[in-house]
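Geometric and topological summary
The primary structure of each chain is shown beneath.
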Amino acid sequence: MAEKLATLSFHDGKPSVDFPIYSGNEGPDVIDVRALYGKTGLFTYDPGFMSTASCRSSITYIDGDVGILQYRGYPIENLVETCSFLEVAYLILFGELPKKDQLDTFVDTITHHTMVHEQLSRFYNGFRRDAHPMAVMCGVVGALSAFYHDSIDINDARSREISAYRLIAKLPTITAMTYKYTTGQPFMYPRNNLSYVENFLYMTFGTPCEDWKPNPVLTRAMERILILHADHEQNASTSTVRLAGSTGANPFACISAGIAALWGPAHGGANEAVLKMLDYIGDVKNIPQFLERVKVKEDHTMLMGFGHRVYKNYDPRARIIQKTCHEVLEALDLKDDKLFKLAMALEKIALEDDYFIKRKLYPNVDFYSGIVYKALGIPVPMFTAIFALARTVGWIAQWNEMLGDADAKIGRPRQLFTGAARRDFVPMGQRK
Ligand code: SDX
């Protein structure tokens, strides 16, 4: 019996009904409305899940009013300062920070799963060279289920674990191959003497013609960006992974569904859209005019990289990426980078504008990440693919958590039907 109850009362004399209220360890309480339909014949109506907790989770906690993000209880600011991406991946997957030997074993396992089946590389030839990287990623990651049959028994814990290792290990290889395919350069095999992030940069930027050496500043910047993108509780793509997974679909298919959902410009695709927007604005003097357009709803122009469903304060990830951006531009002697200056000016003007203040619109994770990617030499269409590579850790952890949750059921929302009521069929000749 829950300690707290919520009472739903009606104005038409129907008896009131009680629902249990549950408390999490942090964040708002939830009203358990699962019995609502059975008790009252009513559904809740909540398009966009504005007030709905779709599951219980112990992975990531966000306090959007204050601007707090924690993975398994640890503030993102601490993790990003000291951890490697794989250390954070271990934390997200298994719930605790790894001890030295646990991390060594995990890194070794991931390192020894980075190659993809040779036949998978031929998949790329089926795509046009100018295909969007996210289109290629959806296809190739989905195709993994055709290659790794031995790890798709979702009811077997070991099988699920192997799939998790395979996905986390192969995503950098697949993402780098996607880039190589668009440039026409040869695919680079992974190298086991490099770290996870170095290896990704090597497979992306290395060629067989010359030696490739990691640049520690750039590697660290990429490591940070991957950590910051690794999980973000029940966002649209994670919810998509959970929904696909709730049907019993295999993990590769579920992650592919997540990649598709991430692609949209309202979600992970915003990092690419921010760069296009900055290019379009072109100069600081054009900012006021651009912001006036943003305020006209009918114009459908958004300030990309701004606003968030949960953060009604500065996204803590944006703060860290802005700092990383400074460091990278400094290291590359690009301090006067025009896009960065434009982004800083745009942020300042927007944060002082009544429209954005009233709606609590602040920069989100995507606002500055693109400038860092660009400085690292990554082409704009690849930005969201890198987001997908990082988020795979969160997706797989959330998928695993769902499969272990006794309350989880196939995701099957209902609707408020607004179509035609039953009517008589009209034969072809009598239709008006
Ligand atoms: C990510 O959910 C996650 O956790 C996602 C993510 C993750 O790590 O997984 O954090 C990653 O997806 C970041 C978000 C990237 N998207 C963008 O940067 C695109 C621009 N942002 C917006 O599309 C929007 O802010 C959303 C989609 C991010 C959030 O949408 P909501 O919560 O549904 O809010 P809303 O659209 O109802 O906005 C409220 C008001 C509206 O105005 P009014 O109708 O009240 O007058 O704010 C306005 C909106 O029109 N508004 C914006 C705006 N964002 C919201 N106006 C101009 N520019 C914007 N960017």
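See the structure above.
Residues numbered from 1 in each chain as written. Predicted model: local features only at pLDDT ≥ 70, side-chain atom pairs only at ≥ 80, totals over all residues. Heavy atoms only, no water.

1. Looking at the side chain of Glu347
Along the chain, Glu347 falls in helix α14 (residues 338-351). One buried charged residue, Glu347, remains without a salt bridge, the closest side chain of opposite sign being Arg319 at 6.8 Å. In this structure the side chain of Glu347 is engaged in a polar contact, spanning 3.3 Å, whose partner is the side chain of Gln322. In contact with Glu347, other than residues within four places in its own chain, are Phe306, Tyr314, Gln322, Pro363, Phe367 and Tyr368. (Helix = DSSP H or I, 4+ residues; strand = E, 2+ residues; numbered from the N terminus. Buried < 20%, exposed > 50% of the residue type's maximum accessible area, 1.4 Å probe, protein only. Lys, Arg positive; Asp, Glu negative; His and termini not counted. Salt bridge = Lys/Arg side-chain N within 4 Å of Asp/Glu carboxyl O. Polar contact = N/O pair within 3.5 Å; in protein donor to acceptor, adjacent residues only side chain to side chain. Contact = heavy atoms within 4.5 Å.)

2. Some remarks on the sheet that holds strand β3 (residues 30-31)
Ordered in space as β1-β2-β3, the three strands form an open sheet in which the pairing is antiparallel. The sheet terminates laterally at β1 (4-8) and β3, the two strands that pair on one side only. Judged from the five bridges that link them, β1 and strand β2 (residues 17-22) form a sheet pairing that is antiparallel. From the neighbouring strand, Thr7 faces β2, where its bridge partner is Asp18. (Pairing = 2+ DSSP bridges.)

3. Side note on the sheet that holds strand β4 (residues 60-63)
Taking strand neighbours across the sheet as the criterion, the three strands line up as β4-β5-β6 in an open arrangement whose pairing is antiparallel. In this open sheet, the two strands that pair with only one neighbour each are β4 and β6 (74-75). Bridge count between strand β5 (residues 68-71) and β6: two bridges; the pairing is antiparallel. Directly across from Gln70, in β6, lies its bridge partner Pro75.

4. So, the site of the ligand
Among the 24 residues in the neighbourhood of the ligand, the closest are listed as His232, His308, Arg309, Arg317 and Arg391. Here Tyr355 contributes a side-chain N or O atom positioned 3.0 Å from a nitrogen atom of the ligand. Contact between the ligand and Asn364: an oxygen atom at 2.9 Å from a side-chain N or O atom of the residue. For the ligand, the protein covers 75% of the area, taking 1100 Å² as the surface of the free molecule. Considering only residue class, the shell around the ligand consists of 11 nonpolar, seven polar and six charged. (Near = heavy atom within 4 Å. Areas by Shrake-Rupley, 256 points an atom, 1.4 Å probe, with all protein chains shown as cover. Nonpolar A, V, L, I, M, F, W, Y, C, P; charged D, E, K, R; others polar.)

Keep in mind that these numbers describe shape and distance, not what the molecule does.
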